Amino acid sequence: MKFYQTFLLLIAFQFSISAQAANIDACENLFSASCLGSDGKNKFPNKFQENKDLSVKIISDARDKTARDLGFKNFDEALKTELKNKGFEVKEPPDEKAWKVLKGEADLSGGYDMNEGKKLFADISNCEDKLGPIKNYSSYGKTDLAEVQKQVAQAEKIFKDLDNKLIQIYSKNISDFVTKQIGDKCRNLKSNPENYNAYDNPEAALKCKDFESIRQQAVRIFRLEGTPEYQEQAEKFVKDNLLGELKYSSYSGGTPAQNVSTSAGGLILPQKSELEMARNNYDRLTKKSYSYCNGFGRAMNEAGKKVADDFMIEINTSKTTVDAVLGSFYSEENRKTTESIVSSAKSEIQGMVKDFVGDREKRNKIINSYDSMKYQWMDLPSESFYKKGPRGNLILDENKAITSFNSSFASDPFGAFSDPKMTFFTTLNANYMPSIEVGALSFEKRVAIMPSFLIGAKENPFYLQSVIAHEVGHHIGPKLSRLNGFDLSGEYKELLACYKGNKSIHLQTKQDDETIADYISSEYLAIEIGKLPVDQREQALKSSMEAFCHFDAMGNQMQSLNCTESHPENSLRVSGIYGANPNLRKVVGCEGDSSQFASCGIKDIKLPKISEKKPSRNKPSRGRQ
Amino acid sequence: MKILIVSFLLSISASCYGASVATIKIKQSGVEQVFQIKQDKTKSIISLKMGKEKAKIKKVHPNFASELISEANQITWQSAYRKPANQKKCSEYMQISFDRGKPETICQENRRATARAYGFVNKLNQSVR
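Residues numbered from 1 in each chain as written. Chains lettered and ligands numbered in written order. Predicted model: local features only at pLDDT ≥ 70, side-chain atom pairs only at ≥ 80, totals over all residues. Heavy atoms only, no water.

**Quick word on the packing of aromatic side chains**
- Per the stated rule, a full pass over the model turns up 18 aromatic pairs over all chains.
- Relative to B:Trp77, the ring of A:Phe222 lies with its centre 5.2 Å away and its plane at 85°, an arrangement referred to as edge-to-face. Residue A:Phe222 is found in helix 12 (residues 211–222), and its partner B:Trp77 is found in helix 2 (residues 62–81); the two belong to separate chains. One exposure class covers both A:Phe222 and B:Trp77, and it is buried.
- Taken together, the ring pairs connect A:Phe329, A:Phe417, A:Phe424 and A:Phe425 into an aromatic cluster.
- Cation over ring: A:Lys80 sits above A:Trp99, and NZ or CZ is 5.4 Å from the ring centre.
- Over the face of the ring belonging to A:Phe222 we find B:Arg82, whose NZ or CZ atom lies 3.8 Å from the ring centre. (Phe/Tyr/Trp six-rings, centres within 6.5 Å; stacked < 30°, edge-to-face > 60°. Helix = DSSP H or I, 4+ residues; strand = E, 2+ residues; numbered from the N terminus. Buried < 20%, exposed > 50% of the residue type's maximum accessible area, 1.4 Å probe, protein only. Lys NZ or Arg CZ within 6 Å of the ring centre and 35° of its normal.)

Structure representation (structure tokens):
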């Protein structure tokens, strides 16, 4: 069954994207006409990234502003200074991509760079250089005791310096130190019981037996972070518990103390010569030098990122950043544009409900519930939401944060700005949330347009119409209407059957709600576009579809056929739902069905009287379904 | 009260004990998403299972898996040991568990931990894509 569905979907998909020749007729293939150029490629290949870059620039400019308030040239300088003060010298110039990833200004496209740490932090790349002399010298066959001892002393000095640095690094990331540095070693000891109480591991064995108490000490210090006493206590704790010198994999060396022991049988073992012991010691240090920098680099990279993240949270939540970011995304102009679309969508959908919902009680319930639907807007927090930060500037106060029953933080500036990378502001999306009651708290139904979408409004307000109407339309979707107390699944039965048909989009299970939201949105567009002069309608419709082209450019949905997504493929959404809506086809002058998709609509939903009509130019009708 | 706190701390300890597998569960748009990060010396992977669908699996560099596990660990500590003074209850946002340990719930009321978890899920989504 699944294969059959996939096969049908594939056919529909191929039909939809195959007509890529120049001058594609919007009546025939709305997706290609809206999204593809004459070469058959996406007209907006970089639009998604450009939109994201714009959002990142707003964030970056805002952080620069805050950094200047704090006496730095810009945010980059402030972050480098903070890292340096905490023991993490950034290479100059830092690798551009690694630096941007650290700041959250670039994602991991192209994959994780295993050398990222080396490219960012000078001490990581210097680690191998420092250990070079140890690796270059071999004590094998050496007979000069003084020379070998000198080499041992030099190697130990190098390791001591690096260990001191390591202590400083781990003290900035206590949770990682306990979990990875001690926890991992203890886990390895536990999984190799023969080593747990091994002769050469007495200290590790002891530490691991006492792991829980060590961890609780760490928790106590972790809670002090940000206070003056933290650093000293953290460094002492790490120094006392650093297991860098301990071996859970046995080595064939030994310290002088170990070499004056007796065997289990009580026989006196011959004491190793001083030269042999020195050579064994050197071998041990050489072995250590081969893996040391991996652990050192990992610890430094992860602690450096934590220091950067903590600093970014401080800068992000400062009043200057908050004001600048919200001023750009949630501007008065954007509010007016989007609020008027939300209001118009609500009103027109209420009108549609009058057309197609026969039950008066149900109809009135829906109409009334739309009146109370909120449009989520992030306002500037008042002064009372701030407190004085450690640098004397105002920062958002965690204790004033608003709990929102939604992962997107649309109503909670503290949450939105406390993510170091400020992901909320760079995510291109929109959402609808029904009324929810959680314990004593209740959350109103609402629609939200995420900030990154808002900045595209200036360039092309048409595409906001389709997105907003889709979200507002969710309120009366098949499943959501049931949840909202006015089950409309019966009203959509015929329409959904049409979308499931071979001549339509082969609607998959679990796509009902998204498909109906698109359909409601297409009905809204039919009304709005119908208000425009005839010669502007087709272009307006194509512009309304632009958001789908952006997602295509992201390569997220289009490049792989997926029967399990809650949204149908973009090409099917555009050509098979919007492009196949009889009312929308009528207002742009399309006659009959396209050759690829049968028209699907609720026949009771009537268009307002259209004063002008586009000339007929399409194939003969196959009739409305 | 003291007993309660102690038992709570102990319940965390097993989960934070040198993890090489981190499991992150989050419900988004009504669908449960389960990310798993597995790290060992020979093979490190990130997987994402959405609802009852087959898991998407991506092989990653062990250092990257280690970095993600470390970030999950930081969020867990933030959630468990630095609760805001006004946090009275817990509405689940995410669950994080290490190896086969007891899961730690990241509460929506802890907005700082939730914010970091939100960015973290985004990173996981990017990584498994």
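**Quick word on the nonpolar core**
Residues and elements named next belong to chain A.
- Counting residues in hydrophobic clusters, the biggest one holds 126 residues, and the most contacted among them are Phe417, Phe424, Phe425, Ile476 and Tyr492.
- What phenylalanine 417 contacts, discounting residues up to four positions off in sequence, is Ile313, Asn316, Thr317, Thr321, Val322, Val325, Leu326, Met378, Leu396, Met422 and Phe425.
- Counting residues in each nonpolar core, the second largest holds 64 residues, with Ala67, Leu131, Ile169 and Leu275 among its members. (Core = buried A, V, L, I, M, F, W, Y, C linked by side-chain atoms within 4.5 Å. Contact = heavy atoms within 4.5 Å.)

**Notes on the state of the cysteines**
Residue and element names in this part refer to chain A.
- Counted by the stated rule, this structure contains 6 disulfides over all chains.
- One disulfide in the model links cysteine 127 with cysteine 293; its S-S distance is 2.1 Å. One quick way to see it: the torsion about the S-S bond of cysteine 127 and cysteine 293 is about -90°, and its sign makes the bridge left-handed. Residue cysteine 127 is located in helix 7 (residues 122–136), and its partner cysteine 293 is located in helix 14 (residues 274–316); the two are separated by 166 residues in the primary sequence. Across the pair, cysteine 293 and cysteine 127 agree in class, each one buried. (Disulfide = S-S within 2.5 Å.)

**Quick look at the side chain of A:Arg63**
Residues and elements named next belong to chain A.
- Counting through the fold element by element, arginine 63 comes out in helix 3 (residues 47–69).
- At 4.1 Å, glutamate 105 is the nearest oppositely charged side chain to arginine 63, a buried residue that forms no salt bridge.
- Among the polar contacts made by the side chain of arginine 63, one reaches the main-chain carbonyl oxygen of lysine 103 at a distance of 3.2 Å.
- Ignoring any residue separated from it by four or fewer positions in sequence, one finds arginine 63 in contact with Phe75, Lys103, Glu105, Met312, Ile315, Asn316, Thr321, Pro420, Lys421 and Met422. (Lys, Arg positive; Asp, Glu negative; His and termini not counted. Salt bridge = Lys/Arg side-chain N within 4 Å of Asp/Glu carboxyl O. Polar contact = N/O pair within 3.5 Å; in protein donor to acceptor, adjacent residues only side chain to side chain.)

**Comments concerning the interface of chain A and chain B**
- Listed by partner, the interface residues are 63 residues for chain A and 47 residues for chain B.
- Each partner contributes to the roughly 4,600 Å² buried at the junction of chain A and chain B, and carbon and sulfur atoms together form 53% of this total.
- One can count 5 salt bridges joining chain A with chain B.
- When the shortest N-O distance is used, the salt bridge between B:Arg111 and A:Asp412 registers 2.5 Å.
- The tally of links from chain A across to chain B stands at 16 residue pairs in polar contact (both at pLDDT 80 or more).
- Put simply, the parts of the chain that give the side of chain A that touches chain B at least two residues each are helix 9 (174–191), helix 12, helix 14 and helix 18 (413–418) of chain A.
- A breakdown of the residues in the side of chain A that touches chain B according to their chemical character gives 22 nonpolar, 18 polar and 23 charged. (Buried area = accessible area lost by both parts, 1.4 Å probe. Nonpolar A, V, L, I, M, F, W, Y, C, P; charged D, E, K, R; others polar.)

**Here's the deal with the sheet that holds strand 5 (residues 92–98) of chain B**
All names here are of chain B.
- Taken in spatial order, the 6 strands of this open sheet run 4-3-2-1-5-6, and their pairing is antiparallel. Strands at the two margins of the open sheet, each flanked by one partner only, are strand 4 (56–60) and strand 6 (104–107). Across the sheet, the axes of successive neighbouring strands diverge by a mean angle of 15°, strand direction being ignored.
- As paired elements, strand 3 (residues 44–50) and strand 4 share 5 bridges and run antiparallel to each other. The residue bridging serine 47 from the neighbouring strand is isoleucine 57, located in strand 4.
- Sitting on the sheet, helix 2 touches strand 1 (21–28), strand 2 (31–38), strand 3, strand 4, strand 5 and strand 6, and the angle it makes with strand 6 is about 70°.
- Of the strands in this sheet, strand 1, strand 2, strand 3, strand 4, strand 5 and strand 6 are in contact with helix 3 (residues 111–128), which crosses strand 2 at around 75°. (Pairing = 2+ DSSP bridges. Axes fitted to C-alpha atoms, helices over the stretch in contact; angles between N-to-C directions.)

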